[in-house]
There are 2 protein chains.
Amino acid sequence: MKLKAKTMDMDAPDMMVVLTKADSATLGVKENDRVRLTRGIDSAIAVVMISDACIGEGEVFVIDELMDKLRLSDGDEIDVKYSVSPDSVRSIRRKMDHEKLSPEEIRSIVQDITDSKLSRIEISAWLTSLYINGMDIDEIAAFTQAMVDTGDRIHFDRTSVFDFHSMGGIPGNKITPIVVAIVAAAGMMIPKTSSRAISSACGTSDFVETFCNVELSASELKEISENVGGVLAWGGSQNIAPVDDIVIKVEHPLGINPRAQMLASILSKKVAIGATHLVIDVPTGRGTKVPTIEAARAYARDFMDLGEALGMQVECAITYGDQPVGSAVGPILEARECIRVLEGFKHPSSVIEKACDIAGMILEMGGYMNGAARAREILKSGDAHKKFMEIVVAQGGDPELKAEDLVPGEHVFDVVAPSSGYVHNINNKDVVSIAKAAGAPADKGAGLLLYKKKGQRIEVGDLLFQIYADNPAKLNRAKDMAYKYMPYEIEGMLIKRIAPTRMR
Amino acid sequence: MKLKAKTMDMDAPDMMVVLTKADSATLGVKENDRVRLTRGIDSAIAVVMISDACIGEGEVFVIDELMDKLRLSDGDEIDVKYSVSPDSVRSIRRKMDHEKLSPEEIRSIVQDITDSKLSRIEISAWLTSLYINGMDIDEIAAFTQAMVDTGDRIHFDRTSVFDFHSMGGIPGNKITPIVVAIVAAAGMMIPKTSSRAISSACGTSDFVETFCNVELSASELKEISENVGGVLAWGGSQNIAPVDDIVIKVEHPLGINPRAQMLASILSKKVAIGATHLVIDVPTGRGTKVPTIEAARAYARDFMDLGEALGMQVECAITYGDQPVGSAVGPILEARECIRVLEGFKHPSSVIEKACDIAGMILEMGGYMNGAARAREILKSGDAHKKFMEIVVAQGGDPELKAEDLVPGEHVFDVVAPSSGYVHNINNKDVVSIAKAAGAPADKGAGLLLYKKKGQRIEVGDLLFQIYADNPAKLNRAKDMAYKYMPYEIEGMLIKRIAPTRMR
C-alpha cells in the first residue's frame, strides 16, 4: 500500500518503520514482521513497530538512515509491502535445532547482521543458540571467513606478517607496545590492532591514545606498518570484521560470549589484517575469562585447529592471570608504566617478563633462536624504545615523549591494610570495578596503583593501593567501592581453605 | 549525573532512553545497559540506546511512558545512574546452561517481562533457551502459575467450571460457538475466551465479532457467563496472563513456540478464568502444529500431567487435522457456516461431528452419559441455537440474526481442477496463505469456500474452491497465489508415494 513517509529522528537499534494499527492490519503485518519499502528504483527492508502515538493512518515513520537510503523527504509517498523474513532466520532456527550449518548459511547470517537485515531479537536468538549448541571447527572456520569477507582486508607484500592477541580479562596487561616495539625492532612486520575496553577498566587503545593517535584508517595502518615495521592502531577505525560491533551490543546485556563467536571474532581480525603467524596469550586464573589450566588448554587447541583450517600458523601462551600485570590499572597510569619499561626501568618485573616471553615466541616463529633472551636484549639495548618512538611519531605523538610527562588524576586516595598477614589474593574483578568507579577508561587520569602483590608480607596500616581520579565525586564513589569490595585478601601463612573469600 | 529530559514521542519496543555518546561514556554505560532514572520520589529503570542524532550533551531522550511514570515535563532535570541488570537475567543464563529453575526464578522472569524490565534481546534469549533446553513439568507448572499471578483472575461461585481449547493450526475450525452453545444449553458453565488469528487466516474471535461484540471486560464476561451459562469473548480484552502478548511479539519473528511456553500460555488462561474441567483439542496431521499421532500423544500427556500439577481435570481429544474443517475459511464465511449448523443445516458433517464429539467429552466430564449422542440431541432439538442466540444478544448482537444475513466479499474467483483424479491432499498452509492474500482476517468478507474435500473424485474443470475478497486487488493477489501454491493435490488411485508433493 502507498503511505506517506515521515522522518523518525533517531538512531534506532534496528532498521525499522512504525505503522499505525489500522495500516498494519490492512497490510497483514505484526510487530517485528518485515516490510519492503519501495520508491522508484530504490528499495529497502525494514522491521515493523506498531503505534498510533505520533502518526495517523496513511503515514509511516521511517528512521533517518532508511530515509537517506531511499532518498526520501518528509511527506513523500512510498510503497509498503509485506516481506518474508530473510532465509538466514531459517538457518538460525536450524542452529537452535542443533544442526550443522553450511558455509553458505553461516555467510548469509553474517552478511545479514552486517547489513542490519536481522533484528536484535534474531541476533539474540542466534547468539543464544551458539552459546548452547556451539559450532564445530569447520563451522567456526567458515564463520571466521565470513566475518573477514564482510569487511575490508589489508594485504602486505610480505610472506610473513606477525601478530599477537591477548584474550584479556586481566587488568593492567599493558605489554602490547613493548611486544610490538621488540618484534618490529627485530625487523619483523607486526601491524597490531587493539580494542578499547568493553567491560574492563582499560583496553590497549584506551592507554595508547593518551600519547598518540590510534584512530588510523586502513591505508594509514598499512603505510605506517610498511615504513616502521609496527603499528599500535585501534581496531575499530578500519572496516575490519564490522559485524563484531553489532554482535557485541547484543552479547553485552546477556553477559555471554559464545565460544564460536569469540574464536571467529579474534581470528577474523588477524586474517583480515594479513597475519600469517600469530601468538595467542591466554591469561589463566581466578577472575580471568579462563579459570583453569584445563580450560586454557582447550582454548589453545581450538585456536591451533582453527589456525590450521585457515592456513595460519598459531601458537598459544598460557600465562599467569591470578592477579593484575604490573602495578598500574587505568589509561595514563598504564601508559606511564609501559613507557617506563621501554625507557629502561627494571620494574615491574611481571610486565617485563610477560612482554619478553610473548615477544620471544613471536621472534622464534620468525626464525630467531632463544626468543625470550633475544627479546630481553632488544629491550635492554634501547632498540625497542627507539622503535617505539618511531611508531609514536608516525602516529602523530610527541617526539620528546617521556613517561614522566604523563600525569594521572589529581584526586588520590590511599587504601591501607586493615590487618597484618600475607597477600593471599588480589581479585581482578574488584580491581576493575574500583578503577571503573573512579572513571576509567573515559577519564584518562583515573585508575589504581597497586603497591603490594600476591605473597607479600604486610603490616596493618601499610599502603596497599592508591585510587586516582580526575573528579572528586568519582574518587568518593571508588573509595566506597574499595571498602565494599576490598580486592586484597590478607591471611596468615596458614590459609583457611574452607572460606578463602571471608574478607569480602 | 543530572540530565535534562526530552520526550521521545513514540511507542518504543523497550522501556528505553537515549543518551549521547559523551554522557554514556561519562556514566560508563554501553548500549543495552540499564540506567535508573530518579526524580524526587519517582524512580524507574530504562534500557540505554546511544545516539547523537537529536540530543545534545546534558540531555536524555525519555519515551512517553516513562515521562508519565516519572511525572516529567520536557526540560525537567532528572538523575541518571548506571543500574545492574535485573536478577532475572542471571536466571535466563542459568536456563542457557540447562539448569532447573526454581519457582521464584521463574516468577521473577515472568514478572520482569510483564513489567517491561527485560528488553527484547533478553526475552529472545529466554525463549531460545526454553526452545533448546526446555522445562520439566514442575517448572512448567510454576511458569503457568506465574503467568496467572501476574494478571487478573475471575472467580465463579461454582464448583465446576468447564472450558476447552483447540491447539489450532487447522483452518476452518469454527466449532467453538457450537460447543459453547451445546454445553451451556445442558446447564453447565463454560466461560470461553478465544484468540484472534496470530498466523492463521481466522481466529474464533475474528469470526464471532462479525455478529456480536467480543471485546468484553472481565466483569462483563463474568456477568454474561453467570446469566447465560456461556460466553464467546476475545481473550485479549481482560488482563489475563498479560505476559503472553509481549512474548508473542518476540516468538513471532523467530518462528518458534517453545513447548514450555505453549503449555503454560494455554493452561494459565484456563486457570485464570477459573476453569476446573478442561478438554484440549489436538488437531493432528500434515500441516498442523502436531504432525503425527505420537507427537499428539506426547502433548496430551503433557497437558494431563500439567493439569494434575495445577489441580485441574484435563482430557485431550486427538482430532483429524489433515484438511480444513468444513468448507469455509475466513471471518464471514466461517460465521455463516457455523450459524447454519446451529440453525439445523446437516452440512458440513465434519463441523457437526467435531463440535458434538468435543461437546460430548465436556458433557461427560459434567456427569452426562453418552456425551456425543446427548450433544447431537441438544443441537438437533434447537436448544443449542436458542442458547447461542441468548449469548449473541447478551454480547450486543442482533436478536434476529440469521446465517443468511452474513454476506461475504463481493469479489469472487472460481478455481477449477487442472486435471481429473482423486483429491489426495488439501494443504492447510496453502489454504491459509491464499485466504490471507485475499485479505483475511482483517477484511471480514475475505476467505475461501472449498467445494471438494479429500478422497473425492473430480473431473478436469470441476469447481475446487472459490476465493472471496472485499477488494479486487487482493482477489488478484490471492488468485496468483492459488496458481503458485495450488492447495489441492489430485492424483489417480495409485498414489506415487515417492513424490507425493510433485504437483506443487
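J.: Tell me about the interface of chain A and chain B, and name the residues and values.
T.: Listed per partner, the contact involves 44 residues of chain A and 44 residues of chain B. Roughly 3,900 Å² of surface becomes buried between chain A and chain B when both sides are summed, with 60% attributable to carbon and sulfur atoms. Between the two partners, chain A and chain B, sit two salt bridges. Note that Glu-31 of chain B and Lys-249 of chain A form a salt bridge whose closest N and O atoms lie 3.7 Å from each other. In this structure, the connection of chain A to chain B is made through 16 residue pairs in polar contact (both at pLDDT 80 or more). Counting only elements with at least two residues in the side of chain A that touches chain B, the list comes to strand E2 (16-19), helix H1 (21-27), helix H3 (87-96), helix H5 (120-133) and helix H10 (243-254) of chain A.

J.: Let's hear about the relation of the copies chain A and chain B: which residues, and what values?
T.: Each of the two chain copies can be brought onto the other by rotation about an axis and movement along it. Superposition record for chain A on chain B: RMSD 0.1 Å, screw rotation 179 degrees, translation along axis 0.1 Å. On the angle and the small slide along the axis, the relation comes out as a two-fold axis. Of all interface residues in chain A, 100% are interface residues in chain B too; the two copies therefore contact each other through one and the same surface.

J.: Tell me about the pattern of salt bridges, and please be specific about residues and values.
T.: Residue and element names in this part refer to chain A. In total, this model carries 54 salt bridges over all chains according to the counting rule given. Ionic pairing is found between Glu-122 and Arg-34, a salt bridge with its closest N-O pair at 2.4 Å. One end of the pair, Glu-122, is in helix H5; the other, Arg-34, is in strand E3 (residues 34-39), with 88 residues separating them in the sequence. Relative accessible area serves as the criterion here: at 0%, Glu-122 is assigned to the buried category. Look at Arg-34 and you get buried, because its relative accessible area is 2%. Between Glu-390 and Lys-387 there is a salt bridge, with its nearest N and O atoms 3.2 Å apart. Remark: Lys-387 and Glu-390 occur in helix H16 (residues 383-394); sequence separation between them is three residues, near one turn of the helix. Residue Glu-390 is classed as partly exposed on the basis of its relative accessible area, which comes to 33%. The class of Lys-387 is buried, set by a relative accessible area of 13%.

J.: Report on the sheet that holds strand E16 (residues 457-458) of chain B, specifying residues and quantitative values.
T.: Residues and elements named next belong to chain B. Taken in spatial order, the three strands of this open sheet run E16-E14-E18, and their pairing is antiparallel. Both edges of this open sheet fall to E16 and strand E18 (488-491), since each of them pairs with a single strand only. Pairing of strand E14 (residues 421-426) with E16 involves two bridges; the strand directions are antiparallel. By the bridge assignment for E16, Gly-421 is matched with Ile-458.

J.: How would you sum up the sheet that holds strand E5 (residues 59-63) of chain B? Please name residues and give values.
T.: All names here are of chain B. Taken in spatial order, the six strands close into a barrel running E1-E5-E2-E4-E3-E6, and their pairing is mixed. Strand-to-strand twist of the sheet, defined as the mean angle between neighbouring strand axes without regard to direction, takes the value 45 degrees. Summarising the sheet, strand E1 (residues 2-8) and strand E6 (residues 77-83) pair through three bridges and their orientation is antiparallel. Among the inter-strand pairings, Lys-4 is bridged to a residue of E6, identified as Glu-77.

J.: With reference to specific residues and values, describe the packing of aromatic side chains.
T.: Summed over the entire model, instances satisfying the criterion amount to eight aromatic pairs over all chains. Measuring from centroid to centroid gives 6.0 Å for Trp-126 of chain A and Phe-143 of chain A, while their planes differ by 85 degrees, and the two rings are edge-to-face. Linking Trp-126 of chain A in helix H5 with Phe-143 of chain A in helix H6 (residues 137-149), this pair joins segments that are 17 residues apart in sequence. For the pair Trp-126 of chain A and Phe-143 of chain A, a shared accessibility class is recorded, and that class is buried. Residues Phe-465 of chain A and Tyr-488 of chain A carry aromatic rings whose centres are separated by 5.7 Å and whose planes lie at 5 degrees to one another, so their mutual orientation is stacked. One end of the pair, Phe-465 of chain A, is in strand E17 (residues 463-469); the other, Tyr-488 of chain A, is in strand E18 (residues 488-491), with 23 residues separating them in the sequence. Look at Tyr-488 of chain A and you get buried, because its relative accessible area is 0%. One residue, Arg-196 of chain B, lies across the ring of Trp-234 of chain B, its end atom 4.2 Å from the ring centre. The aromatic ring of Tyr-422 of chain B is capped on one face by Arg-457 of chain B, whose charged end is 5.2 Å from the ring centroid.

J.: Give me the lowdown on the side chain of Glu-251 of chain A, citing residues and values where you can.
T.: All names here are of chain A. Residue placement: Glu-251 occurs in helix H10. No salt bridge is formed by the buried Glu-251; the nearest opposite charge belongs to Lys-289, separated by 8.9 Å. In this structure, Glu-251 is in contact with Leu-127, Ile-256, Asn-257, Pro-258 and Gln-261, ignoring residues within four places of it in sequence.

J.: Just give me the short version of the domain arrangement of chain A, but keep the residues and values in it.
T.: Residue and element names in this part refer to chain A. Domain parsing of chain A yields domain 1 (2-83), domain 2 (88-134), domain 3 (162-236 + 266-403) and domain 4 (411-491). Of note, the centres of domain 1 and domain 2, computed from C-alpha atoms alone, are 25 Å apart. The interface is formed by six residues belonging to domain 1 together with seven residues belonging to domain 2. Interface of domain 1 and domain 2: buried area, both sides summed, is about 550 Å²; carbon and sulfur atoms make up 49% of it. Linking domain 1 with domain 2 are one salt bridge, by the criterion used here. Between the two partners, domain 1 and domain 2, sit two residue pairs in polar contact (both at pLDDT 80 or more).

J.: Lay out the packing of H10 of chain A against helix H11 (residues 259-272) of chain A in plain terms, naming residues and giving numbers.
T.: Residues and elements named next belong to chain A. Packing of H10 against H11 brings their axes to within 12 Å, and their N-to-C directions diverge by 155 degrees. If you check the angle between H10 and H11, you find them roughly antiparallel. The crossing of H10 and H11 is left-handed. Residue-level contacts link Asp-244, Val-247 and Glu-251 of H10 to Gln-261, Ser-265 and Lys-269 of H11. In terms of residue class, the contact of H10 with H11 is made up of one nonpolar, two polar and three charged.

J.: So what's going on with the nonpolar core? Residues and values would help.
T.: Ranked by internal contacts, the top residues of the largest apolar core, which has 230 residues, are Phe-303 of chain A together with Phe-303 of chain B. Beyond its immediate stretch of four places on either side in the chain, Phe-303 of chain A contacts Met-167, Met-262, Leu-263, Ile-266, Leu-267, Ile-280, Val-314 and Cys-316 of chain A. Counting residues in hydrophobic clusters, the runner-up holds 30 residues, among them Val-18, Val-35, Ile-50 and Ile-55 of chain B.

J.: Run through a negative patch on the surface, naming residues and quoting values.
T.: All names here are of chain B. Together, Glu-343, Asp-398, Glu-400 and Asp-405 give the surface a local cluster of negative charge. For Asp-398, the position within the fold is in the loop between helix H16 (383-394) and strand E13 (411-416). According to the relative accessible area criterion, Asp-398 is partly exposed, its value standing at 40%.

The rules behind each value
Residues numbered from 1 in each chain as written. Chains lettered and ligands numbered in written order. Predicted model: local features only at pLDDT ≥ 70, side-chain atom pairs only at ≥ 80, totals over all residues. Heavy atoms only, no water. Contact = heavy atoms within 4.5 Å. Buried area = accessible area lost by both parts, 1.4 Å probe. Salt bridge = Lys/Arg side-chain N within 4 Å of Asp/Glu carboxyl O. Polar contact = N/O pair within 3.5 Å; in protein donor to acceptor, adjacent residues only side chain to side chain. Helix = DSSP H or I, 4+ residues; strand = E, 2+ residues; numbered from the N terminus. Least-squares fit on C-alpha atoms with pLDDT ≥ 70 in both. Buried < 20%, exposed > 50% of the residue type's maximum accessible area, 1.4 Å probe, protein only. Pairing = 2+ DSSP bridges. Axes fitted to C-alpha atoms, helices over the stretch in contact; angles between N-to-C directions. Phe/Tyr/Trp six-rings, centres within 6.5 Å; stacked < 30°, edge-to-face > 60°. Lys NZ or Arg CZ within 6 Å of the ring centre and 35° of its normal. Lys, Arg positive; Asp, Glu negative; His and termini not counted. Domains from an automatic or database assignment. Parallel < 35°, antiparallel > 145°, perpendicular 65-115°, else oblique. Left-handed = near helix turned anticlockwise from the far one by under 90°. Nonpolar A, V, L, I, M, F, W, Y, C, P; charged D, E, K, R; others polar. Core = buried A, V, L, I, M, F, W, Y, C linked by side-chain atoms within 4.5 Å. Patch = residues over 30% accessible without salt bridge, like charges linked within 9 Å, V, L, I, M, F, W, Y side chains within 5 Å. Areas by Shrake-Rupley, 256 points an atom, 1.4 Å probe, with all protein chains shown as cover. Charge placed at Lys NZ, Arg CZ, Asp CG, Glu CD.

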